[in-house]
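Structural features, examined
These are the residues of each chain, in order.
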Amino acid sequence: AEVKISQEAYLKPLLHALKYPASAVNGVLLGKCTKKDSASIQVEEAIPLLHAHLSLSPMMDAAFCVLDEYCQRKGLSIVGYYHANPTIDQPAPSPIAKRLADRIYDTVRESDKNGEVCMLIVDNSELEQLAQALNASRSLDESSSRLTGVSVLTKSGPNWTKSARARIEGADDGSSQVLLRNQLAEGRHLDLIDWDAHLDDTSRPWLPA
Amino acid sequence: MADQNLVPSDLVELEAAFRKSPTDLSIQQKILSLLRLHRIRRPDLVMKIGPYLLKKGRGRLGNSVYDVREQILIAALDLHRLGDAQQELKWLQENFPKSLRVKGLEAMIHEARAVPHHTSNTDTAAQNAENSYRKALELYAEILNEDPCNGFAMKRKVCMLRSKGTQEGTNEAVRALNEYLVLFPTDVEAWREMADLYLELQQVELARFALEEVVMLSPINYASHLKLAEALYTLGDFSTARRYYSQSLELNPDHNARAAYGLVLCATALQPGRGGG
């Protein structure tokens, strides 16, 4: 399946991970899945979920209940899962990431036999290289702009493998990466409210209006 | 000092005040005290404030200058600013040459060096990282030699094993933490960490045992009952989960969204015809 990721869906997971650099974080990817000649997934939004105890299920269940209504309202479906690990050498995707991504895949397939799902994993060591490149100059040169800091995986059989047909909006010329750096400099990652943060204080808005 | 009365929620106000008057030393001092008192992890703030406060506010710090230097050292490590950390270590070593606490900080710096930067030459980087890792373990062993009940050194070993990021690493961290808990069975934070480790290994049943210890050690903390309820729910034991969610709500009925959601989910799962436990 071909995967197209909007700029926002690229930035959000990274901002989320960088707000909680010592924890694993995860979230859901929303968008549309079309099956004209070949399957194609359009990821439009990334919804941040948890930054603690990712293997406990009740708050995930609760999040999906709330998301159901949001998806219906906006005409979006669940098309993927994102995950970031806290340690730089952790093999990606971790067992927890795989399990949660599989759960989402199974849930999507329940209502749509041909549904497709993708997984976006933050690649910490590539992110580090990207950070070095971004700190060194205002914009990225051609070799550096292939660095995105994320890997996009799709499911083939029981395994998740790197997608050869994944494109991130604005990444080819490095403009999305530069935007990431600018948003970090402004501290925008600190303003991000995930499901966990919303549960701690429900006056904090979680979903976009 | 009034600083002892600061609560975590004061941080939002203080940060805003700091942004408005970034050179106000009393605000800076309050922020650092609050972060130390409640062990809040904000290395960005510490590095913005700490060095400046040391330069311009040495007089008003008095004895807390030692705490501030340690705070800066640790924050620098968090941001991988090893040079800044090394600087603080040097000062602390000169003033407290025989201190085990300072030795522990030295070991932490080696821990931070034990992460190879993927951008440098891979072979020498990997070798240096290995050496630093070993040096950190050596220093902790030296500390434990002098003080066999040094909780700090024992806990750092657990952290080192956990940060390997592998199943084996986390399993070894569990073993090391068990050794610590034999000596300090009432350390509720350690039991929380144990639960965290088991959850990382996706062994929810074992996490539940650890969380039960946490509830026993902190029975009026609404969050303990809440976490145990979440583990029980994950294991499919909805009726027991519901009891702990209810207990959590009784202890904290006003700002407890998780327990409220949890209660609804359990009640739904327990409805006849749903196959709930």
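Residues numbered from 1 in each chain as written. Chains lettered and ligands numbered in written order. Predicted model: local features only at pLDDT ≥ 70, side-chain atom pairs only at ≥ 80, totals over all residues. Heavy atoms only, no water.

**Considering the overall build of chain B**
Basically, it comes down to this: A helix here means a DSSP run of H or I that spans at least four residues, while a strand means a run of E at least two residues long, and both kinds are numbered starting from the N terminus. Each residue is assigned to one of three classes by its accessible area relative to the maximum for its type, calculated with a 1.4 Å probe on protein chains only: buried under 20%, partly exposed between the two thresholds, exposed over 50%. For this analysis, residues touch if any pair of their heavy atoms sits within 4.5 Å. For the purpose of counting charges, residues Lys and Arg are taken to be positive, whereas Asp and Glu are taken to be negative. His and the chain ends are not included. By convention, the point assigned to a charge is CZ for Arg, NZ for Lys, CD for Glu and CG for Asp.
Of regular secondary structure, chain B possesses 15 helices and 0 strands. Buried positions account for 43% of the 277 residues belonging to chain B. Across chain B, the fraction of contacts at a sequence separation of at least 24, relative to all contacts at a separation of at least 6, is 51%. Taken together, the 34 basic and 35 acidic charged side chains of chain B have centroids lying 5 Å from each other.

**Details of the environment of A:Leu54**
All names here are of chain A. Relative to the assigned elements, Leu-54 resides in the loop between strand E3 (39-48) and helix H2 (58-74). The exposure class assigned to Leu-54 is buried, which follows from its relative accessible area of 8%. Separated by 29 residues in the primary sequence, Leu-54 and His-83 have C-alpha atoms spaced 9.9 Å apart. If sequence neighbours within four positions are ignored, Leu-54 has contacts with Ala-24, Val-25, Asn-26, His-83, Ile-96 and Leu-100.

**Some points on the pairing of strand E5 (residues 118-122) of chain A**
Residue and element names in this part refer to chain A. This is how the line gets drawn: A pair of strands is labelled paired if DSSP reports no fewer than 2 bridges between them.
With 5 of its 5 residues buried, E5 lies for the most part within the structure. Going residue by residue along E5, you find Cys-118, Leu-120 and Val-122 tucked away on one face and Met-119 and Ile-121 tucked away on the opposite face as well. In this sheet, E5 lies alongside strand E4 (residues 77-84) in parallel orientation, the contact comprising 4 bridges. Directly across from His-83, in E5, lies its bridge partner Ile-121. Across 5 bridges, the pairing between E5 and strand E6 (residues 150-156) is antiparallel.

**Comments concerning the confidence of the model for chain B**
Quick note on the threshold: Confidence of the predictor at the level of single residues is captured by pLDDT, which takes values from 0 to 100.
Across chain B, pLDDT averages 92, with 96% of residues at or above 70. Scored as a complex, the prediction yields pTM 0.90 and ipTM 0.90.

**A short note on the pattern of salt bridges**
It is possible for side chains of opposite charge to pair when their charged atoms get near one another. Residues and elements named next belong to chain B. Going by this rule: When a carboxyl oxygen of Asp or Glu lies within 4 Å of a side-chain nitrogen of Lys or Arg, that pair is called a salt bridge.
Evaluation of the coordinates by the stated rule reveals 30 salt bridges over all chains. The partner of Glu-138 in a salt bridge is Lys-135, with the nearest N and O atoms 3.8 Å apart. Of this pair, Glu-138 and Lys-135 both sit in helix H8 (residues 122-146), separated by 3 residues, roughly a single helical turn. On the accessibility criterion, Glu-138 (42% relative accessible area) is partly exposed. On the basis of relative accessibility, which here comes to 31%, the residue Lys-135 falls in the partly exposed class. Shared partners join several salt bridges into a network, and the residues in it are Glu-15, Arg-19, Arg-42 and Asp-44.

**Describing the pairing of E6(A)**
Residues and elements named next belong to chain A. E6 sits mainly inside the fold: 6 of its 7 residues count as buried. Pairing of E6 with strand E7 (residues 159-162), which is carried by 4 bridges, proceeds in the antiparallel orientation. Looking at E7, one finds that Lys-155 is bridged to Trp-160.

**So, the packing of helix H11 (residues 188-200) of chain B against helix H12 (residues 204-217) of chain B**
Between two packed helices, the angle of one axis relative to the other and the distance separating the axes together describe the packing. Residue and element names in this part refer to chain B. This is how the line gets drawn: Axes, fitted as lines to C-alpha atoms, cover a helix only where it is in contact. Angles between the N-to-C directions of the axes lie from 0 to 180 degrees. An angle counts as roughly parallel when it lies under 35 degrees, as roughly antiparallel when it exceeds 145, as roughly perpendicular when it falls between 65 and 115, and as oblique in every other case. Two helices cross in a left-handed way if the nearer one is turned anticlockwise from the farther one by less than a right angle. They cross in a right-handed way if the turn is clockwise. Any residue that is not Ala, Val, Leu, Ile, Met, Phe, Trp, Tyr, Cys, Pro, Asp, Glu, Lys or Arg is counted as polar, Gly included; the first ten are nonpolar and the last four charged.
Closest axis-to-axis distance for the H11/H12 pair is 8 Å, and the angle between their directions is 165 degrees. Taken together, H11 and H12 sit at an angle that is classed as roughly antiparallel. Along this stretch, H11 crosses H12, giving a crossing that reads as left-handed. Between H11 and H12, the residues in contact are Val-188, Trp-191, Arg-192, Met-194, Ala-195, Tyr-198 and Leu-199 and Val-204, Leu-206, Ala-207, Ala-210, Leu-211, Glu-213, Val-214 and Leu-217, respectively. Residues belonging to the contact of H11 with H12 are distributed by class as follows: 13 nonpolar, no polar and 2 charged.

**What to know about the nonpolar core**
We count it as follows: We call a set of buried Ala, Val, Leu, Ile, Met, Phe, Trp, Tyr and Cys residues a nonpolar core when their side-chain atoms join them within 4.5 Å.
Counting residues in hydrophobic clusters, the biggest one holds 113 residues, and the most contacted among them are A:Trp195 and B:Ile31. When residues in this core are grouped by element, the largest group, 8 residues, is from H2(A). Core analysis: the second largest hydrophobic core is formed by 35 residues, A:Leu120, A:Leu130, A:Ala171 and A:Ile193 among them.

**Here's the deal with the interface of chain B and chain A**
Short version of the rule: Once two parts are brought into contact, the accessible area they lose, counted with a 1.4 Å probe and summed over both, makes up the buried area.
Taken together, the 27 residues of chain B in the interface contact 28 residues of chain A. Buried area between chain B and chain A, summed over both chains or domains, comes out near 2,400 Å², and the portion from carbon and sulfur atoms is 59%. Linking chain B with chain A are 2 salt bridges, by the criterion used here. A salt bridge links A:Asp200 to B:Arg258, with the shortest nitrogen-to-oxygen separation between them at 2.6 Å.

**Some thoughts on the sheet that holds strand E2 (residues 25-35) of chain A**
Residues and elements named next belong to chain A. The 8 strands are arranged E7-E6-E5-E4-E2-E3-E1-E8 in an open sheet whose pairing can be described as mixed. Edge positions in the sheet fall to E7 and strand E8 (166-168), since each has one partner strand and no second. On average, each strand axis in the sheet is tilted by 30 degrees relative to the strand beside it, whichever way the strands run. Packing of helix H1 (residues 7-19) onto the sheet brings it into contact with strand E1 (2-5), E2, E3, E4, E5, E6 and E8, and relative to E3 it is tilted by some 40 degrees. Running at roughly 180 degrees to E4, helix H3 (residues 95-111) makes contact with E2, E4, E5, E6 and E7 of the sheet.

**Things to note about the packing of aromatic side chains**
This is how it is decided: Note on aromatic pairs: the rings of Phe, Tyr and Trp (six-membered ring only in Trp) are paired at centre separations within 6.5 Å, and the planes decide the class, stacked below 30 degrees, edge-to-face beyond 60, tilted for the rest. Note on geometry: a ring has a charge over it if NZ (lysine) or CZ (arginine) is within 6 Å of the ring centre and within 35 degrees of the ring normal.
Overall, the coordinates contain 7 aromatic pairs over all chains when judged by the stated rule. Where B:Tyr180 meets B:Phe184, the ring centres are 4.7 Å apart and the plane angle is 25 degrees; that geometry is what we call stacked. Under the relative-accessibility criterion, B:Tyr180 is labelled buried at 4%. Pairwise contacts between aromatic rings join A:Trp195, A:Trp206 and B:Tyr261 into one cluster. Looking at A:Lys155, its charged tip hangs above the ring of A:Tyr105, at a distance of 5.2 Å from the centre. A cation over a ring is seen here: B:Arg69 above B:Trp91, with NZ or CZ 4.2 Å from the ring centre.

**Looking at the environment of B:Glu205**
Residues and elements named next belong to chain B. Here Glu-205 shows up in helix H12. Looking at Glu-205, the relative accessible area reads 39%, which means it is partly exposed. With 181 residues separating them in the primary sequence, Glu-205 and Asp-24 have C-alpha atoms 51 Å apart.

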